[in-house]
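Examination of the molecular architecture
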Amino acid sequence: MKRILFVEDNELLLELYGILLADCRDEWETSLAPEGQTALKLLQQSPFDVVVSDMQMPGMNGIELLTEVARLYPQSSRIIISGFSDQAIAADSLNCTHLFIPKPFDVKILRSTLARIGSLDAYLKDDKLRGLAGKMRTLPSFPTLYLEIIKEIESQTSSIQAIAKIVARDPGITAKILQVANSAAFGLSEKVNDPVEAVQQLGMTTVRSLVLSAQVYSSFAPGRLPAFSADALWAHLMKCGDLARTILRRERAEFAEAEDAFTAGMLHDMGKLMLADSLPDQFNEALALAKSERIPLTEAEREVFGATHAGLAAYLLGLWGLPAAIVEAVAFHHSPEQSDLKQCSALTAVHVANAFSNQGGAEALNLEYLAEIGVADRLEDWRETAAELEMELGA
Ligand SMILES: [Fe+2]
Ligand SMILES: [Fe+2]
């Protein structure tokens, strides 16, 4: 049984949490605190496995509280519940929390977050991964354009024109978004050249994901490695994002979950760009090793770097405070069995989409995992979906 402490200054919300969580009495023992000081006193009395805090509170805010919790009780997992507009602040607080639940709070999301927290938290704290991240020339900061889009979408007066205007400020990102809008995957009948039209056609949520991945993509300048093509990687990411989302839609997942799968699919191999950018010689060595030894790239990376591109990308996205579902899908896209979450999720979709969009993909699929979460019989259907998308793309 897990001990969980909730910190929330809004009395009504706090009461609501109590009621929602009463359902989970067998799994969690919950305590409630109306503000930071009370929370710290409760922690002093006995340890908690998880501390879930609101961001905006009078007196001590969520970051200040969790920073204190991290210092005094490093073994407690720390979760912040906040609106998307707080993400920049969350990103500043690198060490205090890396799990983030967006408002409005949903008990289902909390439940799956708690299920995944153990495995993901331990994974991102791995010394070898931290060591590798420390070797990066620079860890890019939270993409500002993405943040502006989030703010615009959340604002009362948000409009497609305003979003398109933000996008249009960066020609590289605009080009990437138009490229996606015009890919056959979106089935648009006429060619789109105007960002306003692209936003209209793709929808704000998709544009938000695209801005994030395009901005991450363009923040790296990978050296010219003979065995690595950044353009080919981008094409692979587009395919995976599209297929991962389609898979979850077929499984009738919720809208937000399917969008997470799209974002994670678009980001899952960003670690390769990071390695090619910061440590090109060693990355080249890993590529060569994978080829000569006929082993998966992740295995070669582990030999050369002690960690993999999957972990590295997840580490960065975790630092930025992206939702746990996305970080998890990126972290475990080659090893879904490492996640504690045993149900069909964005991780499942990205794992399958990645395997299908690589040659000889069948080997990379973890059939045991798919059987364990009860979707082994869906595989043929998904394979057909992948083939259909592939045909559309080729058309
Ligand atoms: Fe990968
Ligand atoms: Fe991949």
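Residues numbered from 1 in each chain as written. Chains lettered and ligands numbered in written order. Predicted model: local features only at pLDDT ≥ 70, side-chain atom pairs only at ≥ 80, totals over all residues. Heavy atoms only, no water.

**Concerning the overall build of the protein**
- A count of helical and extended segments in the protein gives 21 helices and five strands.
- Per-residue burial over the protein gives 55% buried out of 395 residues.
- A separation threshold of at least 6 residues defines the contact pool for the protein, and within that pool the share at least 24 residues apart is 68%.
- Entry remark: accessible area of the protein is about 17800 Å², with carbon and sulfur atoms responsible for 50%. (Helix = DSSP H or I, 4+ residues; strand = E, 2+ residues; numbered from the N terminus. Buried < 20%, exposed > 50% of the residue type's maximum accessible area, 1.4 Å probe, protein only. Contact = heavy atoms within 4.5 Å. Areas by Shrake-Rupley, 256 points an atom, 1.4 Å probe, with all protein chains shown as cover.)

**Focus: the coordination of the iron ion (ligand 2)**
- Summarising the metal site, the iron ion (ligand 2) is bound by the protein donors His236 (NE2), His268 (NE2), Asp269 (OD) and Asn354 (OD1), whose distances to it range over 2.0 to 2.3 Å.
- The coordination sphere of the iron ion (ligand 2) comprises four donor atoms, whose angles at the metal cover 87 to 176 degrees; the geometry is irregular.
- Here the donor residues of the iron ion (ligand 2) share one chain and are spaced in sequence as H-x31-H-D-x84-N.
- Here the iron ion (ligand 2) and the iron ion (ligand 1) are spaced 3.6 Å apart, and both take Asp269 as a donor. A residue pair is termed long-range when its members are at least 10 positions apart, and Asp269 in the loop between α13 (255-267) and α14 (270-278) and Asn354 in helix α19 (residues 346-356) qualify at 85 residues. For the pair formed by Asp269 and Asn354, the shared burial category is buried. (Donors = N, O, S within 2.8 Å, 3.2 Å for Na, K, Ca; no water. Tetrahedral: all angles 85-135°; square planar, octahedral: opposite > 155°, others 65-115°.)

**What to know about the side chain of Thr174**
- Topologically, Thr174 is positioned in helix α9 (residues 171-181).
- Among the residues examined, Thr174 registers a relative accessible area of 11% and is labelled buried.
- A polar side-chain atom of Thr174 sits 3.0 Å from the main-chain carbonyl oxygen of Val167.
- Ignoring any residue separated from it by four or fewer positions in sequence, one finds Thr174 in contact with Val167, Ala168 and Pro195. (Polar contact = N/O pair within 3.5 Å; in protein donor to acceptor, adjacent residues only side chain to side chain.)

**Comments concerning the coordination of the iron ion (ligand 1)**
- At this site the iron ion (ligand 1) is bound by Asp269 (OD), His309 (NE2), His333 (NE2) and His334 (NE2), with donor distances of 2.1 to 2.2 Å.
- Each of the four donor atoms around the iron ion (ligand 1) contributes to a set of angles spanning 83 to 175 degrees, which defines the coordination as irregular.

**Focus on the pairing of strand β1 (residues 2-7)**
- The pairing of β1 with strand β2 (residues 28-33) spans six bridges and is classified as parallel. Residue Leu5 lies in a different strand from β2, and its bridge partner there is Ser31.
- Running through helix α1 (residues 11-22), the crossover from β1 to the neighbouring parallel element β2 is right-handed.
- Sheet topology note: the β1/strand β3 (residues 50-54) ladder contains four bridges and is parallel. Considered in β3, the bridge of Leu5 is made with Val51. (Pairing = 2+ DSSP bridges. Right-handed = clockwise from strand over helix to strand, strands pointing away.)

**Some thoughts on the packing of aromatic side chains**
- Considering all chains together, one arrives at three aromatic pairs under this definition.
- Taking the ring centre of Phe48 as reference, the NZ or CZ of Arg3 above it sits at 4.2 Å.
- Taking the ring centre of Phe262 as reference, the NZ or CZ of Arg245 above it sits at 3.9 Å. (Phe/Tyr/Trp six-rings, centres within 6.5 Å; stacked < 30°, edge-to-face > 60°. Lys NZ or Arg CZ within 6 Å of the ring centre and 35° of its normal.)

**As for helix α2 (residues 36-45)**
- Here α2 has its buried residues at Gly36, Ala39, Leu40 and Leu43. Taken down its axis, α2 places every buried residue within 100 degrees of arc, on the same side. Away from its buried face by more than 90 degrees, α2 exposes Lys41, Gln44 and Gln45.
- For α2, the N-terminal cap is Glu35; the gap from its side-chain oxygen to the backbone nitrogen of Gln37 is 3.1 Å. (Arc of directions from axis to C-beta.)

**Digging into the nonpolar core**
- Grouped together as the largest cluster of nonpolar side chains are 101 residues, with contacts concentrated most on Ile177, Val211, Phe228, Leu267, Phe283 and Leu322.
- In terms of residues, this core owes the most to one element, helix α12 (residues 230-250), which gives 10 residues.
- Core analysis: the next-biggest nonpolar cluster, separate from the first, contains 17 residues, Val7, Ala33, Phe48 and Ile63 among them. (Core = buried A, V, L, I, M, F, W, Y, C linked by side-chain atoms within 4.5 Å.)

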